[in-house]
Amino acid sequence: MSRTVKRAFKYRFYPTEAQAAKLSRTFGCVRKVYNMALQARTEAWTLRQERINYNATSAMLTTWKKTEDLAFLNEVSSVPLQQALRHLQAAFANFFAKRARYPSFKSKKKSRRSAEYTTSAFRYRNGQLTLAKMAEPLDIVWSRPLPEDASPSTVTVSQDAAGRWFVSLLCDDVITQTAATGQVGIDAGLDSLLTLSTGEKVTNPRHERGDRARLARAQRQLARKQKGSINRAKARLKVARVHARITDRRRDHLHKLTTRLVRENQTIVIEDLTVHNMVRNHTLARAISDAAWRQFRTLLEYKADWHGRNLVVVDRWFPSSKLCSTCGALAQRMPLDVRTWTCRCGSVHDRDVNAARNILAEGLSVTACGAGVRPQRAEARTRQSVSKQENPRATKGIPAR
């Protein structure tokens, strides 16, 4: 069985000086058009209670290009500028649907430097990609092959903070869905990145800790440089490269881990962790951010959807660590420093393995019942909610399971 999905293939490329200058100018124009359209839409609603849609901003773009001050917009392809207006329209749609906050202006220093090209603004032939208003194709490092007979629908060019150039091609790809019979519950942690209901513990690689000394040294050098100087720009680039190294290694590890879990198991059960609340605990914020639980869940979600797997998310207040996976008894207290404990039924539990087994059992019961928690554990869930609200660690954003 197979399924066709839209999949982005990202590659690194090395532009010539002329191509880099053209792309940098395009990034600036995209940011300028986005900010001007956002300002126009905001003022129209604030001053005149008038809503402006994409068609109106597109007409404004045509007018802006004819003015003397904004004539430089004609030097770049018009497609990325139109795509910026479409992205703004999508941002407003998400805001009105209460899926996101009000759109914010793009910053030259903090915002992502990118431009999106549709099929009318690029040519892909014989493994060579040429963008609009460029005479030569991009020097792309094809680190992995594209699908056979690939016909990219959009191409996104970007540059990260470390100065590296990337191109992402969105293509149709066929995912072969293989059969799997495994079921696994996953408990996320810091000592072990993941603990599986099978008893396996995935070591936390702690990528940020491994490069912490190098990062601190680069940041000290950056702090000594005079603001606005060329040496400060060079020092900032060194800091960005260390961050990029950490990010790349973390992403690679999570991709391999999630791919293995999805291929081996038909049903995967995880916890609904509120990472944005957890990082408020300044003692553990650095370690939690390095674990990247939110990124792990994001990768797991779309890969499970691609391969036809069942991903079940258990309620965050479910007392996975306090419940005995053998008899179902609920312990009254379970401080975080307790890693092994003995139930009154005589079972000796590893805290994380026991939690993973309870998460799996709860996920399977939720799947069987359709929604909610099992009736016999509703009272335990209520008591756990109260205990977490009273727990001082919970007020800092770290739920005590």
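All residue numbers refer to positions counted from 1 along the written sequence of the respective chain. Thresholds applied to this predicted model are a pLDDT of at least 70 for local features of residues and 80 or more for the giving and counting of side-chain atom pairs; totals over whole chains, interfaces and linings are not thresholded and use all residues. With hydrogens and water excluded, all non-hydrogen atoms of the structure serve as input to the side-chain values.

**Looking at a positive patch on the surface**
- The patches reported here contain residues having more than 30% relative accessible area and no salt bridge. Joining distances are 9 Å for like charges and 5 Å for nonpolar side chains (Val, Leu, Ile, Met, Phe, Trp, Tyr). Residue-level accessible areas treat just the shown protein chains as cover; the underlying method is Shrake-Rupley with a 1.4 Å probe. A carboxyl oxygen of Asp or Glu within 4 Å of a side-chain nitrogen of Lys or Arg is what we treat as a salt bridge. We score Asp and Glu as negative and Lys and Arg as positive, and we do not count His or the chain ends. Every charge is mapped onto a representative atom, which is NZ of Lys, CZ of Arg, CG of Asp or CD of Glu. On the surface, R12, R214, R217, R220, R224, K225, K234, K238 and R241 cluster together into a patch of positive charge.
- The helix count covers DSSP runs of H or I at least four residues long, the strand count covers runs of E at least two residues long, and both are numbered beginning at the N terminus. Put simply, the parts of the chain that give the positive patch at least two residues each are α5 (212–224) and α6 (230–264).
- By residue number, the principal contributor to the positive patch is α5, which donates four residues.
- Owing to a relative accessible area of 34%, K225 belongs among the partly exposed residues under this scheme. Three labels apply to residues, based on accessible area from a 1.4 Å probe with only protein chains included: buried if under 20% of the type maximum, exposed if over 50%, partly exposed otherwise in between.

**Points about the layout of surface pockets**
- Only protein atoms enter the 1 Å grid used here, on which a cavity is any set of points holding a 1.4 Å probe that cannot leave and a pocket is any open set flanked by protein within 12 Å on both sides along at least five of seven lines; residues with an atom within 4 Å of a point are listed as lining. Grid points are joined across faces, edges and corners, and a volume is the space filled by probe spheres set on the points. If you add up the space inside the largest pocket, you get close to 2,100 Å³.
- Contributing to the lining of the largest pocket are 47 residues, with K10, R164, F166, D248 and R251 lying nearest its centre.
- When residues in the lining of the largest pocket are grouped by element, the largest group, 14 residues, is from α6.
- Its residues placed into classes, the lining of the largest pocket shows 14 nonpolar, 14 polar and 19 charged. In this count, Pro and Cys sit with the nonpolar residues alongside Ala, Val, Leu, Ile, Met, Phe, Trp and Tyr, while Asp, Glu, Lys and Arg are called charged and the others, Gly among them, polar.

**Examining the pairing of strand β9 (residues 192–196)**
- Most of β9 sits out of view: five of its five residues are buried.
- Only when DSSP finds a minimum of two bridges between them are two strands counted as paired. Two strands pair when backbone bridges link them, and strand β8 (residues 182–188) and β9 are joined in this way by three bridges, in the antiparallel orientation. Paired with I186 across the strands is L196, a residue of β9.
- In sequence, β8 turns back onto β9 through a hairpin of three residues.
- Alignment of β9 against strand β10 (residues 201–203), held across three bridges, turns out to be antiparallel. Bridging from a neighbouring strand, L194 pairs with V202 of β10.
- Counted along the chain from β9 to the antiparallel partner β10, the turn is four residues long, and its residue G199 has a positive phi close to 100°.

**Details of the UniProt feature "domain: Cas12f1-like TNB" (unreviewed entry) in the protein**
- In this numbering, the UniProt entry assigns the feature "domain: Cas12f1-like TNB" (unreviewed entry) to residues 293–359.
- With 34% helix and 16% strand, residues 293–359 has end C-alpha atoms that lie 16 Å from one another. UniProt positions are given in the numbering used here, feature names are shortened, and annotations may be inferred rather than shown by experiment.

**Some details on the nonpolar core**
- L23, L131, V157 and V167 are the most contacted members of the largest nonpolar core, which totals 43 residues.
- Of all the secondary-structure elements, those providing two or more residues to this core are β1 (2–13), α1 (17–48), α2 (54–66), α3 (78–96), β2 (113–118), β4 (128–131), β6 (154–159) and β7 (165–176).
- Top element by residues in this core is α1. It accounts for 10 residues.
- Apart from residues lying up to four places away in sequence, V167 is in contact with F9, K10, Y11, F13, L129, I140, V155, T156 and V157.
- L254, V275, A292 and W293 belong to the second-largest nonpolar core, a separate cluster that totals 23 residues. Definition used in this section: a nonpolar core is a set of buried Ala, Val, Leu, Ile, Met, Phe, Trp, Tyr and Cys residues joined via side-chain atoms within 4.5 Å. We call two residues in contact when some of their heavy atoms are within 4.5 Å.

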